[in-house]
Amino acid sequence: MSADGGGLSAEAVVRLRLAIGRLNRQLVRASGDQDLTAAQLSALARVEQLGPLRLGELAVREGVAVPSMVRTVTPLVADGLVAKTPDPQDGRSQLLSPTPLGLETLARIRRERTALLARRGARLTPEQCRALEAALPVLELLLEEPG
C-alpha cells in the first residue's frame, strides 16, 4: 500500500509499469513482420470494430485530431488495409471500412500475439494461472478512464 494507506505503493506502480511495458514490446515483436505503427493498428482495429465510419468519427474515438488521423489512415488505405467509400448520407464524406486484407492482417497479428501469451502462460504453475486469472478484472479496471 501507499504511505497514505490507499492505492499501490510507488514500488508496485513502477514494477507494474515495467512489466506492462516490457510485455507490450514483446507482443509487438511477436508480430514484428508487420509494418503498422501502434496508431495504425489501433485505427484499423477500431474500423473493424465500428466500421464503416467517417474519418472524423474515427479521430474522436481514437482521441486524436483529424489531421493526425489523416496521417494515420493514409498508409492503411495505400496498403489496401482500409477502403474508403462514399457516404450515402453525405456525398462530401467518405466511410472507412476494413478490407479483406485488413481483416486478415488483424487476425494474423492477434493470432501471433495470443500464441506468445499462451506459450508464456504454459510455463506458469496452476496456482500462478489462478492468480493471474483473478487479477484480470483488476487489470481491466486500469483500462477505464477516470470519471
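Within each chain, residue numbers correspond to sequence positions counted from 1 in written order. Totals for whole chains, interfaces and linings use every residue, but because this is a predicted model, local features are given only for residues with pLDDT of at least 70 and side-chain atom pairs only at 80 or more, for both listing and counting. With hydrogens and water set aside, each side-chain value is computed from the structure's full complement of heavy atoms.

Visitor: Please explain the packing of helix α3 (residues 55-62) against helix α4 (residues 66-78) as it appears in this structure.
Guide: Axis angle and axis distance: for two packed helices, these are the angle between their axes and the distance between the axes, and together they describe the pair. At a minimum axis distance of 9 Å, the contact between α3 and α4 shows a crossing angle of 105 degrees. As far as their axial angle goes, α4 and α3 are roughly perpendicular. For the pair α3 and α4, the contacting residues are L55, G56, L58, A59 and E62 in the first and V66, M69, V70 and V73 in the second. For this classification, Asp, Glu, Lys and Arg are treated as charged, while Ala, Val, Leu, Ile, Met, Phe, Trp, Tyr, Cys and Pro are nonpolar and the rest, including Gly, are polar. Here the contact of α3 with α4 is composed, by residue class, of seven nonpolar, one polar and one charged. Throughout, an axis means a line fitted to C-alpha atoms (over the contacting stretch in the case of helices), and angles, computed between N-to-C directions, take values from 0 to 180 degrees. Secondary structure counts use DSSP, requiring at least four H or I residues in a row for a helix and at least two E residues in a row for a strand, with both numbered from the N terminus. For classification purposes, an angle smaller than 35 degrees is called roughly parallel, one larger than 145 roughly antiparallel, one from 65 to 115 roughly perpendicular, and anything else oblique. Any two residues having at least one pair of non-hydrogen atoms within 4.5 Å are treated as being in contact.

Visitor: Quick question: what am I supposed to make of helix α5 (residues 100-122) here?
Guide: For an α-helix the count is 3.6 residues per turn, leaving residues at separations of three or four pointing the same way. A rise of 1.5 Å per residue sets the reference length of α5, with its 23 residues, at 33 Å; its end C-alpha atoms lie 32 Å apart and thus fit the reference within 8%. Each residue gets one of three labels from its accessible area relative to the maximum for its type: buried under 20%, exposed over 50%, partly exposed in between, using a 1.4 Å probe on protein chains only. G102, T105, L106, I109, R113 and L116 are the residues of α5 that are buried. For α5, the secondary structure elements touched by its buried residues are α1 (10-30) and α2 (38-50). In this scheme, a helix's expected span is set at 1.5 Å multiplied by one less than its residue total.

Visitor: Honestly, a positive patch on the surface in this entry has me stumped. Any pointers?
Guide: Patches were defined on residues exceeding 30% relative accessible area and lacking a salt bridge, with like-charge contacts within 9 Å and nonpolar side-chain contacts (Val, Leu, Ile, Met, Phe, Trp, Tyr) within 5 Å. Surface accessibility in these figures is a Shrake-Rupley result with a 1.4 Å probe; residues are shielded only by whichever protein chains are displayed. What makes a salt bridge here is a side-chain nitrogen of Lys or Arg within 4 Å of a carboxyl oxygen of Asp or Glu, nothing more. Positive charges come from Lys and Arg alone, negative charges from Asp and Glu alone, with His and the N- and C-terminal ends not counted. Taken as the charge location is NZ of Lys, CZ of Arg, CG of Asp or CD of Glu. A cluster of like positive charges, contributed by R17, R22, R25 and R29, occupies part of the molecular surface. Assignment of secondary structure puts R25 in helix α1.

Visitor: For this particular structure, what's the right way to read the sheet that holds strand β2 (residues 82-87)?
Guide: DSSP bridges decide pairing: two strands pair if at least two such bridges lie between them. Strands sit in the order β1-β3-β2 across an open sheet of three strands; the sheet is antiparallel. Looking at strand neighbours, the two that pair on one side only are β1 (53-54) and β2, the edges of this open sheet. Pairing of β2 with strand β3 (residues 90-98), which is carried by six bridges, proceeds in the antiparallel orientation. Along β3, the bridge assignment pairs K84 with L96. With respect to the sheet, α2 is in contact with β1, β2 and β3, its orientation differing from that of β3 by roughly 105 degrees.

Visitor: Honestly, the pattern of salt bridges in this entry has me stumped. Any pointers?
Guide: Close approach of charged atoms lets side chains of opposite charge pair. In this structure the tally under the stated criterion is eight salt bridges. Note that R110 is salt-bridged to E48, the shortest N-O span being 2.8 Å. In this pair, R110 is assigned in helix α5 and E48 in helix α2, connecting sequence segments 62 residues apart. Classification of R110 as partly exposed rests on a relative accessible area of 38%.

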